[in-house]
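Residues per chain, in single letters:
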Amino acid sequence: MKKIAIIGRPNVGKSSLFNRLVKKRDAITSDLAGTTRDVKRKTAIILNKEVQLLDTGGLDKGCELFDKIKEMSLKAAYKADIILFMVDGKGLPEDEDKKLFYELQAMGKDMALVVNKIDNDKMKEKLWDYYEFGTDAIFGISVAHNRNTVELLDWIASKIPDSDIVKEEEDEDEEDIQVIEPEISDEDFFANHSHNDDEEDDGFTYWDEDEMDGIVEDDTIFGNNDRIREFDEEDVNHIKIAIIGRTNVGKSSLLNALLGEERSVVSSVAGTTIDPIDETVQYKDKQITFVDTAGLRRRGKILGIEKYALMRTTEMLDNSNMALIVLDASEPFLDLDEKIAGLVDSNRLASIIVLNKWDISKRDEHDKIIKEIRDRFKFLAYAPIITLSAKSHLRVDKLHDMILEINENYSQRIPTSKINEVIELALRRHTLPSVSGQVIRIYYATQYETRPPKVAIVMNKPSGLHFTYRRYLANKMREAFNFTGTPLLFKAKKRGEK
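Residues numbered from 1 in each chain as written. Predicted model: local features only at pLDDT ≥ 70, side-chain atom pairs only at ≥ 80, totals over all residues. Heavy atoms only, no water.

Things to note about the overall build of the chain
Counting its regular elements, the chain contains 12 helices and 16 strands. Looking at the 498 residues of the chain, the share that counts as buried comes to 54%. For the chain, long-range pairs separated by at least 24 residues make up 74% of all intrachain contacts whose partners lie at least 6 apart in sequence. Summed over its atoms, the accessible surface of the chain is roughly 23800 Å², and 46% of this surface lies on carbon and sulfur atoms. (Helix = DSSP H or I, 4+ residues; strand = E, 2+ residues; numbered from the N terminus. Buried < 20%, exposed > 50% of the residue type's maximum accessible area, 1.4 Å probe, protein only. Contact = heavy atoms within 4.5 Å. Areas by Shrake-Rupley, 256 points an atom, 1.4 Å probe, with all protein chains shown as cover.)

Below is the structure:
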């Protein structure tokens with residue numbers, strides 16, 4: 001599949017063009033330089049030809065972060081087959097743009113100069129100034145107004161071999177592949193998908209100091225157990241993992257270590273990751289997709305585009321099966337760490353607590369640190385803890401096998417007979433307390449879903465299954481079966497109830 005890299009300096013409209021081509025607001029856009037930091041990838045079809053689009057960070061220099069962004073962008077250009085070099089057409093050609101263009105041209109790739117922000121016919125005259133770049137492949141477009149993109153799409157299609165044509169009878173996955181046609185006429189596309197920084201309700205729930213304690217102890221059986229996400233049974237071999245934690249705990253470094261390559265920009269600047277970055281690898285017989293999410297902060301410290309990044313993080317959690325909760329072992333734990341872990345618990349995800357930066361922590365206090373984690377994250381008592389260093393790759397190799405083991409636990413189905421043996425022994429040891437003088441009976445139990453495991457308790461009075469007894473049954477189930485790393489949910493039902 002041909003790779004197309006969109007390259008250019010900050011704020012020329014690279015992410016806007018990327019969004020336009022995939023017909024989805026996939027990359028975060030703003031007027032702030034450096035909004036795009038990692039390379040974002042998306043498969044698309046341009047005039048019946050399949051391609052992979054690469055949205056890159058702006059080529060700029062100055063601080064450590066921008067140097068890293070430029071390095072990653074140039075690597076993407078080197079790996080690409082076609083380069084779209086974008087410039088801002090509202091001004092005159094700049095020497096820095098020419099220098100970058102010639103540097104990329106020396107790579108010997110098919111390359112086009114895309115002059116953006118040519119918003120009307122009068123501005124077309126500005127295109128003549130850009131012929132001094134020395135190329136005939138010049139396209140004056142307006143991403144915001146969707147003007148003059150037909151010729152650009154035709155040029156791209158001409159550089160892609162006919163062998164990449166997608167046959168009409170093939171059933172493509174609409175979630176992963178977007179069809180791009182030159183006759184796009186939805187002028188209001190970006191207007192309908194634009195955001196307003198002044199809006200009060202942006203769809204994201206921020207945290208106040210005392211808001212989340214990680215778990216809500218609801219005395220009614222329907223309090224927690226009805227919030228259950230469904231999943232595709234055939235998707236069991238695909239593990240979707242969100243890497244989550246507060247800023248600067250080493251999430252991007254961990255992603256790079258797991259992949260064995262520099263996929264995500266790493267710097268000492270807090271909040272380096274903005275757009276969630278996903279990468280899929282094959283390990284043994286499983287497909288594992290890692291998603292590096294934006295670092296989370298307290299509400300008062302959330303700035304500008306970060307709130308949109310955090311909205312993407314919540315979407316990633318909702319679409320994940322497992323979470324790696326990354327903590328900084330070299331610093332004291334914060335209340336925010338507990339609140340972030342509470343998001344994982346509320347999404348019913350399998351989870352692993354990753355103690356990163358173990359190489360610079362106080363290793364002699366291992367038992368003390370583990371105890372503090374268990375005290376703080378009691379609601380994640382089932383989550384295993386691994387100590388590692390993403391930077392030095394200490395014990396990172398053990399994480400892949402741990403992920404596979406927990407996925408087995410998360411996806412397992414226990415025979416009804418074995419479940420009822422455990423329930424019967426639990427009832428003998430501690431009988432169910434009566435409610436208002438009425439005897440509460442459990443008739444039988446059966447597992448009705450996996451990922452996470454969900455068990456139906458069939459009884460005469462479902463409301464009589466108190467939260468504390470449900471937790472007692474969960475502990476007995478964990479003693480009998482391996483549910484390490486996975487939540488275990490119970491739902492009380494009456495006989496005959498679906």
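That shown, we press on.
Structural notes on the side chain of D292
Of note, D292 is situated in strand 10 (residues 286-292). We note that D292 is buried and unpaired, the nearest opposite charge coming from K251 at a distance of 5.6 Å. A polar contact of 2.5 Å, which involves the side chain of D292, links it to the side chain of S252. (Lys, Arg positive; Asp, Glu negative; His and termini not counted. Salt bridge = Lys/Arg side-chain N within 4 Å of Asp/Glu carboxyl O. Polar contact = N/O pair within 3.5 Å; in protein donor to acceptor, adjacent residues only side chain to side chain.)

Remarks on the sheet that holds strand 16 (residues 489-493)
Overall, mixed pairing links the 3 strands, which are arranged 14-15-16 in an open sheet. The open sheet has two free edges, formed respectively by strand 14 (442-449) and strand 16, since each of these has just one partner strand. Pairwise comparison of adjacent strand axes, ignoring direction, gives a mean angle of 25° for this sheet. The pairing of strand 14 with strand 15 (residues 454-459) spans 6 bridges and is classified as antiparallel. Counted as the bridge partner of I442 is M459 from strand 15. (Pairing = 2+ DSSP bridges. Axes fitted to C-alpha atoms, helices over the stretch in contact; angles between N-to-C directions.)

Thoughts on the nonpolar core
Here is a general trend for soluble globular proteins: nonpolar side chains tend to be buried in one another's company. Counting residues in hydrophobic clusters, the biggest one holds 29 residues, and the most contacted among them are L254, F290, L324, I352, L399 and I403. Of all elements in the fold, only strand 8 (238-244), helix 6 (251-259), strand 9 (277-283), strand 10, strand 11 (322-328), strand 12 (350-356) and helix 10 (397-411) reach the threshold of two or more residues within this core. The element best represented in this core is helix 10, accounting for 6 residues. Residues within four places of L324 in sequence aside, it is in contact with I241, A242, I243, I244, L254, L258, F290, I352, V354 and L399. Judged by nonpolar contacts, the second largest core, of 26 residues, contains L327, I369, L380 and Y382. (Core = buried A, V, L, I, M, F, W, Y, C linked by side-chain atoms within 4.5 Å.)

Focus on the pairing of strand 3 (residues 49-55)
Residues in a regular strand point their side chains to alternate faces of the sheet. Across the 7 residues that make up strand 3, a large majority, 6, are buried. The pairing of strand 1 (residues 2-8) with strand 3 spans 5 bridges and is classified as parallel. For K3, the partnering residue across the bridge sits in strand 3 and is Q52. Here strand 2 (residues 40-46) runs beside strand 3; their pairing, made up of 7 bridges, is antiparallel. Counted as the bridge partner of R41 is L54 from strand 3.

A look at the pairing of strand 16
Counting buried residues along strand 16, 5 of its 5 residues qualify, which places the element largely inside the surrounding structure. The alternating pattern of strand 16 places L489, K491 and K493 on one face and F490 and A492 on the opposite face, and all of these are buried. On the question of chirality, the crossover connecting strand 15 to the parallel strand 16 by way of helix 12 (residues 467-480) is right-handed. (Right-handed = clockwise from strand over helix to strand, strands pointing away.)

A few points about the environment of K378
With respect to the helices, strands and loops of the structure, K378 is situated in the loop between helix 9 (366-376) and strand 13 (385-387). For the pair K378 and E338, spaced 40 residues apart in the sequence, the C-alpha separation amounts to 9.7 Å.

Quick word on the environment of R374
If you trace the backbone, R374 turns up in helix 9. Residue classification places R374 among the partly exposed residues on the basis of a relative accessible area of 30%. Sequence separation between R374 and I385 is 11 residues, and the spatial gap between their C-alpha atoms is 9.5 Å. Not counting chain neighbours up to four residues away, the residues in contact with R374 comprise I353, L380, A381, A383, P384 and I385.

Description of the sheet that holds strand 10
Ordered in space as 9-10-8-11-12-13, the 6 strands form an open sheet in which the pairing is mixed. The sheet terminates laterally at strand 9 and strand 13, the two strands that pair on one side only. Neighbouring strand axes in the sheet, compared pairwise and without regard to direction, differ in orientation by 25° on average. Taken together, the 4 bridges between strand 8 and strand 11 define a ladder with parallel strand orientation. Paired with I244 across the bridge in strand 11 is I325.

So, the pattern of salt bridges
As enumerated under the stated definition, the model contains 18 salt bridges in all. Linking E479 and K476 is a salt bridge whose minimum nitrogen-to-oxygen distance equals 3.5 Å. Here E479 and its partner K476 are both found in helix 12, 3 residues apart, which amounts to about one turn of the helix. With relative accessibility at 60%, the residue E479 sits in the exposed group. Taken together, the shared-partner salt bridges in this structure form one network comprising D335, E338, E372 and R376.

As for helix 11 (residues 416-429)
Because each turn of an α-helix spans 3.6 residues, side chains separated by three or four positions end up pointing in the same direction. With 14 residues, helix 11 extends 20 Å from end C-alpha to end C-alpha; this agrees with the ideal 20 Å at 1.5 Å per step. Structurally, helix 11 contributes buried residues whose contacts are with strand 14, strand 15 and helix 12. (Expected span 1.5 Å × (residues − 1).)

Remarks on the confidence of the model for the chain
When pLDDT is averaged along the chain, the result is 77, and 73% of the positions lie at 70 or above. By mean pLDDT, the top-scoring element of the chain is strand 12 (96), and the lowest-scoring one is helix 5 (residues 189-193) (35). Taken as a whole, residues 26-37 scores under 50 in pLDDT and shows 51 contacts with residues more than four places along the chain or in a different chain. Segment residues 300-306: pLDDT under 50, and 12 contacts once partners within four positions in sequence are set aside and those in other chains are kept. (pLDDT = per-residue confidence, 0-100.)

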